[in-house]
Amino acid sequence: MPCDNETDATMERMSTEHSPRTEVLVDLGAIRHNVELLAGAAARNGAQTMAVVKADGYGHGAIEVARAALASGASWLGVCTIEEALELRAAGIRAPVLSWLHAPDEDFARAIAGDVDLSVASCRGLDAVVRAAEDTGRTARVHLKADTGLSRGGSQPADWDDLVERAAKASAGGAVEVVSVWSHLAHADAPQHPTTDRQARRLDEAHARATAAGLRPIRHLANSAATLTRPDLHYDLVRPGIAVYGLSPVPESGMFGLRPAMTFRSRVVLVKRVPAGEGVSYGHTWTTSRETTLALVPAGYADGVPRSLSGRLEVLLNGERRAVVGRVCMDQVVVDCGDAHVDDGAEVVLFGPGDRGEPTAQDWADALGTIHYEVVTGVTRPRVVRTMVETGVQAVVEAAIGERQR
């Protein structure tokens, strides 16, 4: 399209305002709503709630999500690594934090010094934690993990008695406090799958053995799906993860009242008319069938837009779903806008809650043959700006558009 003074002035103003090229909006109001819903369900069964904020809060920002969750009914936090736990401590968060996946040579002393709870699944792992506790002169809080059927982390039933015996001895000596016996579900997204009940029975058996050894641990098993669909498995503590972020853990059963917290958006950086018969993007996998308007958007697979979505991706632009044409590139995609008028700088929503008809993370997951967990954790790349907002996503987006139009 021809240049004019108005377009130049608009682009200069946007540059001055430092508008992000590509941005993730995280609605903390949605996070609060989701945690209130989840914690309320748990509390009705006498259980506390651990909000899982591993992987930088599933791509939403661990520290901000943790604070919102703790203000909305959660009393624990869950992470994968000691580094993730200590990041929360460095931010001044003092709530109980459980870290559950550790290398054999992990520096457990720093975790113990930081009041981080540690999962233990083997005698060797317990011995390492005990040594670190003795070195620091502090009691380590441990959660004994039982493998009840996922066959991933956790102690096998054949090894459980030895682990419990050693833990009881370490507890009597003051090196550790055994906080819980816990496990993780394999089929929670199919609430009535028989494996789930079998895993619960195995957890009960593991807990009974720990109690018989003189320990007094709590139990926890329920993830997001079990928190919402299996109140009988809430035990003493539930551990919702994906549901905290407003994504359904059982998509075929609906949303359970959850509100998606993430909107992934970018903006148009170039608009041009292209004649019929022109190939678009690498390999010319798509060719214009008629003269059309193409909009260039600075978001690609380096920003979390999977290349495998090439030819299957739509975005919301000017209030309508429009096709991304040609291959997804490392830094950019091209949107076919037909004869619609599109301004430089126009907002492009790649996915969001779906309130305005935009694609959702679930839509992406369905197209990719994956799960929405992978979608939202995949967009937190260095070039994507994360912006925290306190109101509903739709209201914030509309406010931002209005501000740029004024």
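Going by the structure above, here's the rest.
Residues numbered from 1 in each chain as written. Predicted model: local features only at pLDDT ≥ 70, side-chain atom pairs only at ≥ 80, totals over all residues. Heavy atoms only, no water.

1. Quick look at the overall build of the chain
Okay, so step 1: Of the regular secondary structure elements, the chain holds 13 helices and 19 strands.
Okay, so step 2: Classification of the 406 residues of the chain by burial places 50% in the buried group.
Okay, so step 3: Here the chain has roughly 17700 Å² of accessible surface; of this, 49% comes from carbon and sulfur atoms. (Helix = DSSP H or I, 4+ residues; strand = E, 2+ residues; numbered from the N terminus. Buried < 20%, exposed > 50% of the residue type's maximum accessible area, 1.4 Å probe, protein only. Areas by Shrake-Rupley, 256 points an atom, 1.4 Å probe, with all protein chains shown as cover.)

2. A look at the pairing of strand 6 (residues 140-145)
Okay, so step 1: By the criterion of burial, strand 6 is predominantly enclosed, with five of the six residues buried.
Okay, so step 2: As paired strands, strand 5 (residues 116-120) and strand 6 are joined by three bridges and run parallel to one another. Bridge pairing in strand 6 places S119 opposite H143.
Okay, so step 3: Of the pairings in the sheet, the one linking strand 6 to strand 7 (residues 176-182) comprises six bridges and is parallel in character. Along strand 7, the bridge assignment pairs R141 with E177.
Okay, so step 4: Assessed by its sense of winding, the connection that carries the chain from strand 6 through helix 8 (residues 157-172) to strand 7 is right-handed. (Pairing = 2+ DSSP bridges. Right-handed = clockwise from strand over helix to strand, strands pointing away.)

3. Details of the packing of aromatic side chains
Okay, so step 1: Considering all chains together, one arrives at six aromatic pairs under this definition.
Okay, so step 2: Arranged with centres 5.7 Å apart and planes meeting at 45 degrees, the rings of W100 and W182 form a pair that is tilted. Here the residue W100 occupies a position in the loop between strand 4 (97-99) and helix 6 (108-113), and W182 occupies one in strand 7, the gap between them amounting to 82 residues. A single burial state applies to W100 and to W182, both of which are buried.
Okay, so step 3: Where F264 meets W364, the ring centres are 6.2 Å apart and the plane angle is 70 degrees; that geometry is what we call edge-to-face. Of this pair, F264 sits in strand 10 (residues 262-267) while W364 sits in helix 11 (residues 361-368), placing them 100 residues apart in sequence. (Phe/Tyr/Trp six-rings, centres within 6.5 Å; stacked < 30°, edge-to-face > 60°.)

4. As for the packing of helix 8 against helix 9 (residues 194-212)
Okay, so step 1: Their axes nearest at 10 Å, the elements helix 8 and helix 9 cross at an angle of 25 degrees. Here helix 9 runs roughly parallel to helix 8, going by the angle between their axes. Crossing of helix 8 over helix 9 shows right-handed handedness. The segment helix 8 lies against helix 9, with P157, W160, D161 and V164 engaging A206, R209 and A210.
Okay, so step 2: The residue inventory of the contact of helix 8 with helix 9, partitioned by class, reads five nonpolar, no polar and two charged. (Axes fitted to C-alpha atoms, helices over the stretch in contact; angles between N-to-C directions. Parallel < 35°, antiparallel > 145°, perpendicular 65-115°, else oblique. Left-handed = near helix turned anticlockwise from the far one by under 90°. Contact = heavy atoms within 4.5 Å. Nonpolar A, V, L, I, M, F, W, Y, C, P; charged D, E, K, R; others polar.)

5. A look at helix 5 (residues 82-90)
Okay, so step 1: Three or more residues of helix 5 are buried, namely I82, E84, A85, L88 and R89. One face of helix 5 carries all of its buried residues, which in axial projection span an arc of 165 degrees.
Okay, so step 2: In this structure, the buried residues of helix 5 make contact with helix 3 (54-58), helix 4 (62-70), strand 3 (76-79), strand 4, helix 6 and strand 5.
Okay, so step 3: Where helix 5 terminates, the next one or two residues include G92, which has phi positive at roughly 90 degrees. (Arc of directions from axis to C-beta.)

6. Quick word on the pairing of strand 10
Okay, so step 1: With six of six residues buried, strand 10 is to be regarded as a mostly interior element.
Okay, so step 2: Here strand 10 shows a buried face lined by M262, F264 and S266 and a second buried face lined by T263, R265 and R267.
Okay, so step 3: Inspection of the sheet shows strand 1 (residues 22-27) paired to strand 10 by five bridges, in the antiparallel sense. Across the sheet, L25 pairs through a bridge with T263, a residue of strand 10.
Okay, so step 4: Bridging between strand 10 and strand 18 (residues 347-351) involves four bridges; their strand directions are antiparallel. Its bridge partner lying in strand 18, R267 is registered against E347.

7. A look at the environment of A43
Okay, so step 1: Tracing the backbone shows A43 in helix 2 (residues 28-43).
Okay, so step 2: Classification of A43 by relative accessible area gives partly exposed; the value is 49%.
Okay, so step 3: Separated by 195 residues in sequence, A43 and V238 place their C-alpha atoms 9.7 Å apart.

8. Side note on the sheet that holds strand 11 (residues 270-274)
Okay, so step 1: If you trace the nine strands from one edge of the open sheet to the other, you get 11-14-17-16-15-18-10-1-19, paired in mixed fashion. Taken across any chain shown, the strands that pair with only one partner, and hence form the sheet edges, are strand 11 and strand 19 (385-389). Adjacent strand axes in the sheet meet at a mean angle of 35 degrees, parallel and antiparallel pairs treated alike.
Okay, so step 2: When strand 15 (residues 314-317) meets strand 16 (residues 320-325), the two strands line up antiparallel, connected through four bridges. Residue V315 lies in a different strand from strand 16, and its bridge partner there is R322.

9. Description of the nonpolar core
Okay, so step 1: In terms of nonpolar packing, the biggest core is built from 114 residues, with L88 and L144 touching the most fellow members.
Okay, so step 2: Sorting elements by how many residues they give to this core places helix 7 (residues 123-136) first, with seven residues.
Okay, so step 3: Ignoring any residue separated from it by four or fewer positions in sequence, one finds L88 in contact with V53, A62, I63, A66, L77, V79, I93 and V97.
Okay, so step 4: If you look at the next biggest cluster of nonpolar residues, it comprises five residues, including V274, V280, L294 and V334. (Core = buried A, V, L, I, M, F, W, Y, C linked by side-chain atoms within 4.5 Å.)

10. Topic: helix 7
Okay, so step 1: Taking 1.5 Å of rise per residue, 14 residues should cover 20 Å, and helix 7 covers 20 Å from first to last C-alpha, within 8% of that figure.
Okay, so step 2: Every buried residue of helix 7 is listed here: C123, L126, A128, V129, V130, A132 and A133.
Okay, so step 3: At its buried positions, helix 7 is contacted by helix 6, strand 5, strand 6, helix 8 and strand 7.
Okay, so step 4: Within two residues after helix 7, G137 carries a phi angle of roughly 75 degrees, on the positive side. (Expected span 1.5 Å × (residues − 1).)

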